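Fold and contact review
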Amino acid sequence: MSSVRIAPSLLSSDFARLAEAIAMIEESGAEIVHLDVMDGHFVPNLTIGPPVVKALRKETDLTFDTHLMVSEPQAWIPGFLDAGADMISIHVEADRHLHRGLSMIRDGGAKAGVAINPGTAVESVSEVLELTDYLLIMTVNPGFGGQRFIERGVGKIGRAKSMIESAGVPCDIEVDGGIDVTTAPRVVAAGAGILVAGSAIFGTSDPVGAVRALRQAAAGPVA
Ligand code: DX5
Ligand code: ZN
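Definitions and cut-offs
- Residues numbered from 1 in each chain as written.
- Chains lettered and ligands numbered in written order.
- Predicted model: local features only at pLDDT ≥ 70, side-chain atom pairs only at ≥ 80, totals over all residues.
- Heavy atoms only, no water.
- Donors = N, O, S within 2.8 Å, 3.2 Å for Na, K, Ca; no water.
- Tetrahedral: all angles 85-135°; square planar, octahedral: opposite > 155°, others 65-115°.
- Helix = DSSP H or I, 4+ residues; strand = E, 2+ residues; numbered from the N terminus.
- Buried < 20%, exposed > 50% of the residue type's maximum accessible area, 1.4 Å probe, protein only.
- Contact = heavy atoms within 4.5 Å.
- Phe/Tyr/Trp six-rings, centres within 6.5 Å; stacked < 30°, edge-to-face > 60°.
- Lys NZ or Arg CZ within 6 Å of the ring centre and 35° of its normal.
- Core = buried A, V, L, I, M, F, W, Y, C linked by side-chain atoms within 4.5 Å.
- Arc of directions from axis to C-beta.
- pLDDT = per-residue confidence, 0-100.
- Near = heavy atom within 4 Å.
- Polar contact = N/O pair within 3.5 Å; in protein donor to acceptor, adjacent residues only side chain to side chain.
- Nonpolar A, V, L, I, M, F, W, Y, C, P; charged D, E, K, R; others polar.
- Axes fitted to C-alpha atoms, helices over the stretch in contact; angles between N-to-C directions.
- Parallel < 35°, antiparallel > 145°, perpendicular 65-115°, else oblique.
- Left-handed = near helix turned anticlockwise from the far one by under 90°.

Observations concerning the coordination of the zinc ion (ligand 2)
The zinc ion (ligand 2) binds to the protein through His34 (NE2), Asp36 (OD), His67 (ND1) and Asp176 (OD); the donor distances cover 2.1 to 2.3 Å. Coordination at the zinc ion (ligand 2) is octahedral: its six donor atoms span angles of 71 to 169° at the metal. Each donor residue of the zinc ion (ligand 2) belongs to the same chain, and together they define the spacing H-x1-D-x30-H-x108-D. Here the residue Asp36 occupies a position in strand β2 (residues 32-38), and His67 occupies one in strand β3 (residues 63-69), the gap between them amounting to 31 residues. Here Asp36 and His67 have matching classes, each one buried.

Re the side chain of His91
Relative to the assigned elements, His91 resides in strand β4 (residues 87-91). Dropping the residues within four chain positions of it, His91 is found in contact with Phe42, His67, Leu68, Met69, Leu98, Ala115, Ile116, Asn117, Met138 and Pro142.

Quick notes on the packing of aromatic side chains
Per the stated rule, a full pass over the model turns up zero aromatic pairs. Sitting over the face of the ring of Phe64, Arg57 holds its NZ or CZ atom 3.9 Å from the ring centroid.

With respect to the environment of Asp65
Along the chain, the position of Asp65 falls in strand β3. Take Asp65: its relative accessible area is 0%, and that puts it in the buried class. In the structure, Asp65 is positioned 45 residues away from Ala110 in sequence and 9.6 Å away in space, judged by C-alpha atoms. When sequence neighbours within four positions are dropped, the list of residues in contact with Asp65 reads Ile32, Val33, His34, Leu35, Met87, Tyr134 and Glu174.

Some points on the nonpolar core
Generally speaking, a soluble globular protein has its nonpolar side chains buried in company with each other. If you look at the biggest cluster of nonpolar residues, it comprises 65 residues, and the most contacted ones within it are Leu10, Val114, Val125, Leu135, Ile179 and Leu195. Discounting residues that sit within four places of it in the chain, Leu135 has contacts with Val114, Ile116, Val125, Ala160, Ile164, Cys171, Asp172, Ile173 and Glu174. Among the nonpolar cores identified, the runner-up in size contains six residues, and Ala7, Met87, Ile194 and Val196 belong to it.

Quick word on helix α2 (residues 50-57)
Every buried residue of α2 is accounted for by Pro50, Val53 and Leu56. Within α2, the buried residues cover an arc of 125° as seen down the axis, which keeps them to one side. Where α2 is buried, its residues touch α1 (18-28), β2, β3 and α3 (73-83).

As for the confidence of the model for the protein
Chain-level statistics for the protein give a pLDDT mean of 97 and a share of 98% at 70 or above. Element-level pLDDT for the protein is lowest in helix α8 (residues 207-219), with a mean of 97, against a maximum mean of 99 in β3.

Focus on the environment of Glu130
Secondary-structure assignment places Glu130 in the loop between β5 (111-116) and β6 (134-138). Overall, the relative accessible area of 64% leaves Glu130 in the exposed class. Measuring from C-alpha to C-alpha, the distance between Glu130 and Ile164 comes to 9.4 Å, with 34 residues separating the pair along the chain.

Here's the deal with the site of ligand 1
Taken together, the neighbourhood of ligand 1 is formed by 20 residues, with Ser9, Gly143, Gly146, Asp176 and Ser199 sitting nearest. Note that an oxygen atom of ligand 1 is positioned 2.6 Å from one of the side-chain N or O atoms of Ser199. For the shell around ligand 1, the leading source of residues is β2, giving three residues. Looking at the shell around ligand 1, its residues break down into eight nonpolar, 10 polar and two charged.

A few points about the packing of α2 against α3
Interhelical geometry of α2 versus α3 gives an angle of 15° and a closest axis separation of 8 Å. With respect to α3, the element α2 is oriented roughly parallel. Every pair of crossing elements has a handedness; the one defined by α2 and α3 is right-handed. Judged by residue contacts, Pro50, Val53, Lys54 and Arg57 of α2 engage Gly79, Phe80, Asp82 and Ala83 from α3. Class assignment of the residues belonging to the contact of α2 with α3 gives a composition of four nonpolar, one polar and three charged.

Written as C-alpha cells, this is what we have:
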C-alpha cells in the first residue's frame with residue numbers, strides 16, 4: 001500500500017498560477033502531475049493543449065500524466081510526446097483503434113494508459129492489456145472537477161484488478177474522480193495504485209497538507 005502514488009490534478013488549481021501549483025506539488029511529495037486535456041467535443045469542457053504542457057515541462061522533473069479526454073486522441077499523441085508527457089492515457093470510448101493508439105504512445109517512449117468512463121465495462125480493454133501500462137478508471141463522468149464519487153467504481157476497480165492478475169501483466173490502476181480522504185482508502189483496498197485528486201487538494205486552503213492527508217488515508221485501514 002505504501003507504493004501508492006498521488007497525482008494532483010491541475011484542473012482544480014488556479015490556471016493563472018500553474019507554475020505555483022507545480023511548486024506546491026513538489027513540496028507536497030506527490031509523485032505525479034495530472035494534466036486534464038479536454039477538447040469540448042468528447043467532453044463538454046475545454047482546457048489545455050501541448051503548448052501549455054511544454055511550458056510547464058520547464059518547471060519540474062515530476063512525472064507528467066496527460067489524460068486525453070478528446071475525440072481523436074491519435075491526432076494529439078505526437079504533440080503531447082513532444083511536449084514532454086511521461087504518461088498518456090486515451091479513452092477506450094474515443095479511439096476505435098485502441099491497439100494502434102497505445103502502440104503509438106509506447107513507441108514514443110511514454111507509458112500508455114487506457115481510460116474508461118463510468119458507463120464502460122472493464123472487459124472492454126481485455127484485448128489490449130499487454131499494451132497498457134495503466135488503466136485509468138473514471139469514478140465520475142469526465143469533464144469537470146468537484147463531482148461526486150460514483151460508488152460502483154469500487155467494485156469495478158476490484159474487477160479490473162482480477163482481470164489484470166489473471167492476464168499476468170504489470171498494469172497499474174489509476175483512479176480519477178471524487179477522490180478524497182474517505183474514498184482513497186477504499187479504492188486503494190480495491191486495487192488502485194495511482195490516485196488522482198483535484199478539488200480535494202486545490203479546493204482547500206492547505207494543498208500541501210491535503211496531499212499528505214490523502215497519502216495517510218490511502219495507507220490507513222478501510223472504515
Ligand atoms: C475530470 C478529470 C479529473 C478531475 C478530478 O474529468 O479527469 O482529473 O480533475 O477532479 P476531482 O478530484 O475534483 O473529482
Ligand atoms: Zn483526469
